[in-house]
Amino acid sequence: MSTETLAHTWYMTQRQLMAIVRQPIFLLISLIQPVIWLFLFGNLFKRVVELGGFGTTTYLDYLVPGIVVMSALGSSMWAGMGTLEEIERGTLNRFLTTPVSRSALMNANVVQNGISTACQSVIIVLLGLLGGARYPGGAGGLIVLVAASILLGTVFGALSNALGMLVRERESIIGINTFLLLPLTFLSSAFMAPAQMPSWMAAIADFNPVNWAMVAGRSALAADPDWGDVLTRGGALLALAVVAVWLSTRTFRSYQKSV
Amino acid sequence: MSTGTMSTGSTRTGTPVVRADNLVKTYPGGVTALNGLALTVEAGTVLGLLGPNGAGKSTTVKILTTLARPDSGTATVAGHDVLRHPGRVRRAIGVVAQKSGADPAATGRENLVLQGRLYGLRGRELNRRVDELLERFVLTDAARRMVKEYSGGMRRRLDVALGLVHRPEVLFLDEPTTGLDPEARTAMWDEITRLAGDEGLTILLTTHYLEEADRLAERIAIVDRGRIVVEGTPDALKGELRGDAVHLELRADGDRAALTAVLAGLAGLHDLAVDGRRVSVRADDGAAAVPVLLAALERAGAAVAAATVARPSLDDVYLRYAGRRFSEAEAEAQADSAGAGTPVQATAGGAR
């Protein structure tokens, strides 16, 4: 990657980050939401840990990685709305008539989404700590958890961007997201240990990328991490992220041809 | 009506900075946007691309600014081929598109700084250029405000400033005053005149306002259905039309063939056009022709509701070369786009 591409990627990322930081209501909501999840589900399912198979005696310990990953999914899957807005407003076309590096435009989406997801994840981890959650895996485990949620965010952010450029309709993004969010969350180990799930559900969850991020994060956060689980799930997420970014880059090229 | 491209007016002496030859562009769904369009813009001049919505103006600008690729045909801007060296073209041009394109979630200053950086401006040089543009476009006081708080006129001024950050050789202005109130429009006209005059910028301006083209452009190219139907200076185009325009409005739709037969026999009249209730004709002496026309129409059984005599206008030029009235072409283009749904329109449709 040339230094020009790197510089342009940073300018474009900076622009996107500034736009997010300047929406205090949006920031507040994305902060309050995980608090509600932690509080709500933390209390609602408090006693399920007694069933066993959660690998901990405190439900909040189990819940935090689930909420971290769920929030990464929930915020990244709307990335396409921003892209769509930039197309409609003419901002994307304005950039395309300048000598801006074409790949910088796509890179910035990925980098910005990664930075946002990382901040959000760290905040949730800290909120959990405040609420009494413990992370036996320590700093290493937390880094894996944040990295896993960044990868998952990259997958859904890139897919959402591709969808935005392809269909160019808000309704389609809203429809697909509402359709996917709950099944993807509940067909995962977010709230319930796989050992307590009906076996068919646990089998489906094995193929759910959202679950991969949770398994990788939780394994790394355990007192005695199962690095095999971390590597397989993390590797699968990485591969998926590469495919999703490739797909959205392809869609971007076809957008440029359709202008 | 001629189908070829005609040129009228002074002979060309300048060097072409923008040149397009035989551009053809068809959008998916079979909508032909360009059908063999050719044009040239000489150094330091303003060419007004005049035509109704859907005539192909924006597609032409998109191709010349490297956004879109033609199906066939060639184009060079500032000496660079738009297809082979889009990067070089991008460094030489400034673009003010139809849609604003400024980032509403950033300040005016931030928009300009980012734009400058994309062209490689840095540090003090960048700051100086940004300050200069803010001052020139009367945005200094609003520089630290979010663009979403700007008025339509301020936004448009910022758009032009964005297009000028890197001191381009050629400026593309795609309908720069559409949607502006009269005051902001006049201010924009003054600004464009200044750019063309004092700074010697080569400008390609598209517009569907006849008066705008008349006022700003040294040469006008009229676009209809994806090609240039005539090109020349506004005065030469108007001068081509002999005499005054006489427009008559009938009380009821007339029979085209019958009316044409009746009126074609009258002396001193030419360029006759009958369209529904409207009859247009040119006369060497408009005032003298009116009673003759009225009498002839009455004999033919067509009652006249109104008659007007006018000196030649660009609307007349359009009627003469495109074979239809500007407003009709506009309405037809709208009907077309509603049915066809090119990608551009699909976007707009999905938005609201």
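These numbers come from a predicted model, not from an experiment.

### Details of the overall build of chain A
- A count of helices and strands for chain A gives 11 helices and zero strands.
- Reading chain A from its N terminus to its C terminus gives the helix and strand order α-α-α-α-α-α-α-α-α-α-α.
- What you see for chain A is a C-alpha radius of gyration of 19 Å, in line with the 18 Å of a compact globule of 259 residues.
- Considering only intrachain contacts with a sequence separation of at least 6, the fraction spanning at least 24 residues in chain A is 80%.
- Surface accessibility of chain A: about 11,800 Å² in total, with carbon and sulfur atoms responsible for 72%.
- Between the centroid of the 15 positive side chains of chain A and the centroid of its 12 negative side chains there is a distance of 8 Å.

### Quick word on the pattern of salt bridges
- Tallied over the full model, the rule gives 24 salt bridges over all chains.
- Two residues, Arg170 of chain A and Glu85 of chain A, come together in a salt bridge whose shortest N-O distance is 3.9 Å. Placement of Arg170 of chain A in helix H8 (residues 170–186) and of Glu85 of chain A in helix H4 (residues 79–89) is noted, with a sequence separation of 85 residues between them.
- With a relative accessible area of 38%, Glu85 of chain A lands in the partly exposed category.
- With its nearest N and O atoms 3.6 Å apart, the salt bridge here joins Glu132 of chain B to Arg167 of chain B. With a gap of 35 residues between them, Glu132 of chain B in helix H4 (residues 123–136) and Arg167 of chain B in the loop between helix H5 (152–164) and strand S8 (170–174) connect regions that are remote in the sequence.
- On the basis of relative accessibility, which here comes to 38%, the residue Glu132 of chain B falls in the partly exposed class.
- Looking at Arg167 of chain B, the relative accessible area reads 56%, which means it is exposed.
- Residues joined in a network through salt bridges with shared partners are Arg15, Glu85, Glu86, Glu88, Arg89 and Arg170 of chain A together with Asp103 of chain B.

### Details of the UniProt feature "domain: ABC transmembrane type-2" (unreviewed entry) in chain A
- Within this numbering scheme, the UniProt entry marks residues 25–255 of chain A as carrying the feature "domain: ABC transmembrane type-2" (unreviewed entry).
- Summarising residues 25–255 of chain A: 78% helix, 0% strand, and an end-to-end C-alpha distance of 32 Å.

### Quick notes on the pairing of strand S12 (residues 244–250) of chain B
All names here are of chain B.
- By the criterion of burial, S12 is predominantly enclosed, with six of the seven residues buried.
- With six bridges connecting them, S12 and strand S15 (residues 304–310) associate as antiparallel partners. The partner of Val246 across the bridge, within S15, is Val309.

### Some points on the domain arrangement of chain B
- Domain annotation of chain B identifies domain 1 (6–238) and domain 2 (242–311).
- Taking only C-alpha atoms into account, the centre of domain 1 of chain B sits 40 Å from that of domain 2 of chain B.

### A closer look at the interface of chain B and chain A
- Opposite the 34 residues of chain B that make contact, chain A presents 31 residues.
- Taken together, both faces of the contact between chain B and chain A bury some 2,700 Å²; the carbon and sulfur share is 54%.
- Inspection of the region where chain B meets chain A yields three salt bridges.
- For Asp103 of chain B, the salt bridge goes to Arg15 of chain A, with nearest N and O atoms at 2.8 Å.
- Our count for the contact surface shared by chain B and chain A stands at 11 residue pairs in polar contact (both at pLDDT 80 or more).
- Going through the elements one at a time, strand S2 (16–27), helix H2 (86–92), strand S7 (93–96), helix H3 (108–118) and helix H13 (343–351) of chain B are the ones with two or more residues in the side of chain B that touches chain A.
- Classifying every residue of the side of chain B that touches chain A gives 16 nonpolar, nine polar and nine charged.

### Some details on the UniProt feature "transmembrane region" (unreviewed entry) in chain A
Residue and element names in this part refer to chain A.
- Within this structure's numbering, the places UniProt gives as "transmembrane region" (unreviewed entry) are residues 25–42, 62–84, 105–130, 142–167, 174–193 and 230–249.
- Helix makes up 100% of residues 25–42 and strand 0%, and the two end C-alpha atoms of the span are 25 Å apart.
- Across residues 105–130, the secondary structure splits into 100% helix and 0% strand, with the terminal C-alpha atoms separated by 38 Å.

### Quick word on the nonpolar core
- Counting residues in hydrophobic clusters, the biggest one holds 53 residues, and the most contacted among them are Leu112 and Ile203 of chain B.
- Other than its neighbours up to four places away in sequence, Ile203 of chain B contacts Val41, Thr45, Val46, Leu47, Leu171, Leu173, Ile192, Leu195 and Ala196 of chain B.
- Val49, Tyr59, Val68 and Leu73 of chain A belong to the second largest nonpolar core, which has 39 residues in total.

### Digging into the sheet that holds strand S6 (residues 80–81) of chain B
Residue and element names in this part refer to chain B.
- With antiparallel pairing, the four strands of this open sheet are ordered in space as S3-S2-S5-S6. Lying at the two open borders of the sheet, with one neighbouring strand each, are strand S3 (31–42) and S6.
- With nine bridges connecting them, S2 and S3 associate as antiparallel partners. Bridge assignment links Tyr27 to a residue of S3, and that residue is Val31.

### A few points about the UniProt feature "domain: ABC transporter" (unreviewed entry) in chain B
- Here the UniProt feature "domain: ABC transporter" (unreviewed entry) sits at residues 18–250 of chain B.
- Across residues 18–250 of chain B, helical content stands at 36% and strand content at 30%; the span's end C-alpha atoms are separated by 45 Å.

### Some points on the packing of H3 of chain B against H4 of chain B
Residues and elements named next belong to chain B.
- Contact geometry of H3 with H4 gives a least axis separation of 10 Å together with a crossing angle of 135 degrees. Between H3 and H4, the angle falls in the class oblique. Read as a crossing pair, H3 and H4 show a hand that is right-handed. Mapping the contact onto sequence places Arg109, Leu112, Val113, Gly116 and Arg117 in H3 and Leu126, Asn127, Val130, Asp131, Leu133 and Leu134 in H4.
- Taken together, the residues of the contact of H3 with H4 break down into six nonpolar, two polar and three charged.

### Quick notes on the packing of aromatic side chains
- Under the criterion given, the structure shown has nine aromatic pairs over all chains.
- Taken together, a centroid distance of 4.8 Å and an interplanar angle of 80 degrees make the contact between Phe54 of chain A and Tyr62 of chain A edge-to-face. Residues Phe54 of chain A and Tyr62 of chain A agree in their burial class; the two are buried.
- Members of the aromatic cluster, connected to one another through ring pairs, are Trp37, Phe41, Phe45, Phe54, Tyr59, Tyr62, Phe186 and Phe191 of chain A.
- Note that Arg94 of chain A overlies the ring of Phe95 of chain A, its terminal NZ or CZ placed 4.7 Å from the centroid.
- Between Arg185 of chain B and the ring centre of Tyr209 of chain B, over which it is positioned, the NZ or CZ distance is 4.2 Å.

### Overview of the sheet that holds S15 of chain B
All names here are of chain B.
- On the basis of which strands lie adjacent, the open sheet formed by four strands has the order S13-S14-S12-S15 and antiparallel pairing. On the outer flanks of this sheet lie strand S13 (269–275) and S15, each paired with one strand and no other. Put simply, the sheet's adjacent strands are angled 15 degrees from each other on average, direction ignored.

Rules used throughout
- Residues numbered from 1 in each chain as written.
- Chains lettered and ligands numbered in written order.
- Predicted model: local features only at pLDDT ≥ 70, side-chain atom pairs only at ≥ 80, totals over all residues.
- Heavy atoms only, no water.
- Helix = DSSP H or I, 4+ residues; strand = E, 2+ residues; numbered from the N terminus.
- Rg over C-alpha atoms; globule rule 2.2 N^0.38 Å.
- Contact = heavy atoms within 4.5 Å.
- Areas by Shrake-Rupley, 256 points an atom, 1.4 Å probe, with all protein chains shown as cover.
- Lys, Arg positive; Asp, Glu negative; His and termini not counted.
- Charge placed at Lys NZ, Arg CZ, Asp CG, Glu CD.
- Salt bridge = Lys/Arg side-chain N within 4 Å of Asp/Glu carboxyl O.
- Buried < 20%, exposed > 50% of the residue type's maximum accessible area, 1.4 Å probe, protein only.
- UniProt positions renumbered as here; feature names shortened; annotations may be inferred.
- Pairing = 2+ DSSP bridges.
- Domains from an automatic or database assignment.
- Buried area = accessible area lost by both parts, 1.4 Å probe.
- Polar contact = N/O pair within 3.5 Å; in protein donor to acceptor, adjacent residues only side chain to side chain.
- Nonpolar A, V, L, I, M, F, W, Y, C, P; charged D, E, K, R; others polar.
- Core = buried A, V, L, I, M, F, W, Y, C linked by side-chain atoms within 4.5 Å.
- Axes fitted to C-alpha atoms, helices over the stretch in contact; angles between N-to-C directions.
- Parallel < 35°, antiparallel > 145°, perpendicular 65-115°, else oblique.
- Left-handed = near helix turned anticlockwise from the far one by under 90°.
- Phe/Tyr/Trp six-rings, centres within 6.5 Å; stacked < 30°, edge-to-face > 60°.
- Lys NZ or Arg CZ within 6 Å of the ring centre and 35° of its normal.

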